[in-house]
Amino acid sequence: MSQLFIEADWGLPTSIHALTTLRGGGISSGPYASMNPARHVGDDAVSVSGNRRLLRESLGLPTGPFWLQQEHGARVIRAEPGGGGANVADGSFSAVKGVVCAVMTADCLPVLLCNPDSGMIAAVHAGWRGLLVGVIESAMQSIGNGGMAWMGPAIGPDAFEVSTEVRDRFLKKSTMFESAFRPGKGQNWLFDIYAAARSVLSECGADQVFGGHCCTYSDSARFFSYRRDGVCGRMASLIWRD
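This section reports on the structure supplied with the text. Keep in mind that what you see is a predicted model, and the values were worked out from it rather than measured. Each chain has its residues counted from 1, following the order in which its sequence is written. Given that this is a predicted model, residues contribute local features only at a pLDDT of at least 70 and side-chain atom pairs are listed and counted only at 80 or more, while totals for whole chains, interfaces and linings are drawn from all residues. For the side-chain quantities, the full set of heavy atoms in the structure was used; hydrogens and water were omitted.

1. Comments concerning the pairing of strand 4 (residues 91-94)
Thinking step 1. Partly exposed describes any residue whose relative accessible area lies between the buried limit of under 20% and the exposed limit of over 50%, with all areas from a 1.4 Å probe on protein chains only and scaled to the type maximum. Numbering goes from the N terminus for both helices and strands, where a helix is a DSSP run of H or I of at least four residues and a strand is a run of E of at least two. Residue alternation in strand 4 divides its side chains into two sets, G91 and F93 and S92 and S94, and both sets are buried.
Thinking step 2. Strand pairing follows a simple DSSP-based rule, namely that at least 2 bridges must link the two strands. Where strand 3 (residues 77-78) lies against strand 4, two bridges are found, and the strand directions are parallel. From the neighbouring strand, I77 faces strand 4, where its bridge partner is S92.
Thinking step 3. Note: strand 4 against strand 7 (residues 120-126), four bridges, orientation antiparallel. Within strand 7, the residue paired with G91 across the bridge is V124.

See below:
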């Protein structure tokens, strides 16, 4: 089973489950091979449905994940029992047992949150655009500022090159992001999305932040990467309570 996902290593009670799927163990083919749960990337619909069914069975999910239509924004909504799919947002939260919060990524940063005091959990899709407009702040406010965070697999700091314009937008928002950038090729900058997210989480009062050690771009055996491959599948990051 371990080849199907990476489990969050944050030491929470066993009643909290948090993980990111890997690209193996599914039935999709071609650039989507093989565990692609995303319907919006051009993969065969039958294969995607089969992958979602395999995920639910293999992981023992209590219900279907509350899927979102992600748009790189700051909207975070309450996840309802019974799954989702038509909900435009970049994060969801819940305190209801058995509700599976979910986001999909292929270089963007998935952040899973848990506040033991409020009983809230959340899943967040945080690419650089989402980070800039405040998706993590929205999610932290939804669960009650504080708690714990786990950063799942994203593009690493040696591979994520952005323009000077992007850097300037972050520094205009806050100088705390300055340490997340270092010179890249030409006029571009290398951006450490993990460091940027860690700064935001700290500002929002997260007690502990875990994860942030993978690079989706450089590890083609385990991860999809949009920047590396263009057409590709997605990993799913899930969190739920028993």
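Next comes the rest of the write-up.
2. Focus: the sheet that holds strand 11 (residues 189-191)
Thinking step 1. Ordered by their spatial adjacency, three strands build an open sheet running 9-11-10, and the pairing between neighbours is antiparallel. Looking at strand neighbours, the two that pair on one side only are strand 9 (161-162) and strand 10 (181-183), the edges of this open sheet.
Thinking step 2. Sheet topology places strand 9 next to strand 11; two bridges connect them, and they run antiparallel. Within strand 11, the position partnered with E161 by the bridge is L190.
Thinking step 3. Any two residues whose heavy atoms approach within 4.5 Å are treated as being in contact. Fitted lines through C-alpha atoms serve as axes, helices being fitted only where they are in contact, and the angles separating the N-to-C directions of these axes extend from 0 to 180 degrees. In the packing of helix 4 (residues 164-173) onto the sheet, contacts are made with strand 9, strand 10 and strand 11, and the angle to strand 11 comes to roughly 55 degrees.

3. Here's the deal with the packing of helix 3 (residues 135-143) against helix 5 (residues 193-203)
Thinking step 1. Helix 5 packs onto helix 3 with a crossing angle of 35 degrees between their chain directions and a minimal axis gap of 10 Å. Along this stretch, helix 3 crosses helix 5, giving a crossing that reads as right-handed. For the pair helix 3 and helix 5, the contacting residues are I136, E137 and M140 in the first and A197, V200 and L201 in the second.
Thinking step 2. Amino acids outside the nonpolar list (Ala, Val, Leu, Ile, Met, Phe, Trp, Tyr, Cys, Pro) and the charged list (Asp, Glu, Lys, Arg) are all regarded as polar, and Gly is one of them. Partitioning the contact of helix 3 with helix 5 into residue classes produces five nonpolar, no polar and one charged. Each crossing gets its hand from how the near helix is turned against the far one by less than a right angle, where anticlockwise is left-handed and clockwise is right-handed.

4. What about the nonpolar core?
Thinking step 1. L113, L131, I136 and F191 are the most contacted members of the largest nonpolar core, which has 39 residues in total.
Thinking step 2. The greatest single-element share of this core, amounting to seven residues, is contributed by helix 5.
Thinking step 3. Filtering out sequence-adjacent residues up to four positions away, F191 remains in contact with W128, L131, G156, P157, F160, V162, F170, A180, F181 and A196.
Thinking step 4. Working definition of a nonpolar core: buried Ala, Val, Leu, Ile, Met, Phe, Trp, Tyr and Cys residues. They are joined through side-chain atoms within 4.5 Å. If you look at the next biggest cluster of nonpolar residues, it comprises 27 residues, including I6, A8, W10 and L112.

5. Thoughts on the side chain of S92
Thinking step 1. Note on placement: S92 falls in strand 4.
Thinking step 2. Residues contacting S92, with those up to four places away along its chain left out, are F66, L68, V76, I77, A79, C101, A102, I121, A122 and A123.

6. Description of the packing of aromatic side chains
Thinking step 1. Aromatic rings from Phe, Tyr and Trp, with only the six-membered ring used for Trp, were paired whenever their centres fell within 6.5 Å, and each pair was classed as stacked if the ring planes differed by under 30 degrees, edge-to-face if by over 60, and tilted otherwise. Under the criterion given, the structure shown has five aromatic pairs.
Thinking step 2. Ring geometry for F170 against F181: centres 5.9 Å apart, planes inclined by 55 degrees, an arrangement best described as tilted. One end of the pair, F170, is in helix 4; the other, F181, is in strand 10, and 11 residues separate them in sequence.
Thinking step 3. Every member of this aromatic cluster is reached through a ring pair, and the members are F160, F170, F177, F181 and F191.
Thinking step 4. By definition here, charges over rings are those cases where NZ of Lys or CZ of Arg is within 6 Å of the ring centre and within 35 degrees of the ring normal. Positioned above the aromatic ring of W189 is the side chain of R167, whose terminal nitrogen or guanidinium carbon lies 4.0 Å from the ring centre.

7. Remarks on unusual backbone geometry
Thinking step 1. A33 connects to S34 through a cis peptide bond whose omega is -5 degrees.
Thinking step 2. With a phi close to 65 degrees, H72 is a non-glycine residue in the positive phi region.
Thinking step 3. The residue H72 is located in the loop between helix 1 (45-59) and strand 3 in this model.
Thinking step 4. Here D107, not a glycine, exhibits a phi torsion of approximately 135 degrees, which is positive.

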